[in-house]
Amino acid sequence: MLLTEAGDRKVEVVRAIRTITGLSLWNSKLLLDSAPVAVTEPNWLEVADEAAGVLERAGARATVVCDWCDRIVTRGAGPIDPAPCKGPWPAEACRASCPPAAL
């Protein structure tokens, strides 16, 4: 998940980064000042989507990127596009093309 823009409420965004990553206040501020920057490592799509939501509620802009094929994932349910995954793994395994069904 990428933090693309800090927004106007930087203190709240730093708190959100600390909540998501567990980093110190200093390191969270450094991460924020480095935007655009990856906040989370490859992870489950749901976790990245939730982390992006936390950052957006704090006033930042965040983008979820598929760790299989590097396509930007639209937050919410549904595949991002009907094209097959261009990653090195089978298209059925691509989380961006085939997100899990809603519970």
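Above: the structure in question.
The structure displayed is predicted, hence computed values, not measured ones.

Basis of the calculations
- Per chain, the residues get numbers from 1 upward, laid out in the order the sequence is written.
- Residues qualify for local features only when their pLDDT is at least 70, as the model is predicted, and side-chain atom pairs are given and counted only at 80 or more; totals for whole chains, interfaces and linings, by contrast, use all residues.
- In computing side-chain properties, one takes all heavy atoms of the structure into account and sets aside hydrogens as well as water.
- If DSSP finds at least two bridges between two strands, the strands pair.
- Only DSSP runs of H or I with at least four residues qualify as helices, and only runs of E with at least two residues qualify as strands; both kinds are numbered from the N terminus onward.
- Each axis is a line fitted through C-alpha atoms, and for a helix only the stretch in contact is used; angles between axes span 0 to 180 degrees, taken between their N-to-C directions.
- The cut-offs work like this: below 35 degrees is roughly parallel, past 145 is roughly antiparallel, 65 to 115 is roughly perpendicular, and the gaps in between are oblique.
- Crossing handedness is defined as follows: a turn of the near helix away from the far one that is anticlockwise and smaller than a right angle gives a left-handed crossing, while the clockwise case is right-handed.
- Contact definition: two residues touch when any of their heavy atoms are within 4.5 Å.
- Gly is placed with the polar residues, together with every amino acid not listed as nonpolar (Ala, Val, Leu, Ile, Met, Phe, Trp, Tyr, Cys and Pro) or charged (Asp, Glu, Lys and Arg).
- For a helix, the expected span equals 1.5 Å multiplied by the residue count minus one.

Draft legend 1. Representation of the pairing of strand β3 (residues 61–65) in the model. Inspection of the sheet shows strand β1 (residues 2–5) paired to β3 by three bridges, in the antiparallel sense. Residue pairing across strands places Leu2 opposite Thr63, the latter belonging to β3. Relative to strand β4 (residues 72–73), β3 runs antiparallel, the two being bridged by two bridges. From the neighbouring strand, Val65 faces β4, where its bridge partner is Ile72. Once β3 ends, the chain turns through six residues before running back antiparallel as β4, passing Asp70 with a positive phi of about 65°.

Draft legend 2. Representation of the packing of helix α1 (residues 10–21) against helix α3 (residues 45–57) in the model. For the pair α1 and α3, interaxial distance at closest approach is 8 Å and the crossing angle is 160°. Between α1 and α3, the angle is such that the two are roughly antiparallel. Between α1 and α3 lies a crossing whose hand is right-handed. On the side of α1, the interface is formed by Val13, Ala16, Ile17 and Ile20, while α3 contributes Ala51, Val54 and Leu55. Taken together, the residues of the contact of α1 with α3 break down into seven nonpolar, no polar and no charged.

Draft legend 3. Summary view of α3. End to end, α3 covers 18 Å across 13 residues, agreeing with the expected 18 Å (1.5 Å per residue, within 8%). Contacts made by the buried residues of α3 are with β1, α1, β3 and β4. Taken from the residues just after α3, Gly59 is the one with a positive phi, measuring 110°.

Draft legend 4. Representation of the sheet that holds strand β2 (residues 37–38) in the model. Reading across the sheet, the four strands line up as β2-β1-β3-β4 and stay open at both edges, with antiparallel pairing between neighbours. Either end of the sheet is taken by a strand with one partner, and the two such strands are β2 and β4.

Draft legend 5. A look at the packing of α1 against helix α2 (residues 25–33). The geometry of α1 relative to α2 is characterised by a closest axis approach of 9 Å and an angle of 115° between their N-to-C directions. Relative to α2, the element α1 lies roughly perpendicular. The chirality of how α1 crosses α2 is right-handed. Between α1 and α2, the residues in contact are Lys10, Val13, Val14, Ile17 and Arg18 and Leu25, Ser28, Lys29, Leu31 and Leu32, respectively. Tallied by class, the residues present in the contact of α1 with α2 amount to six nonpolar, one polar and three charged.

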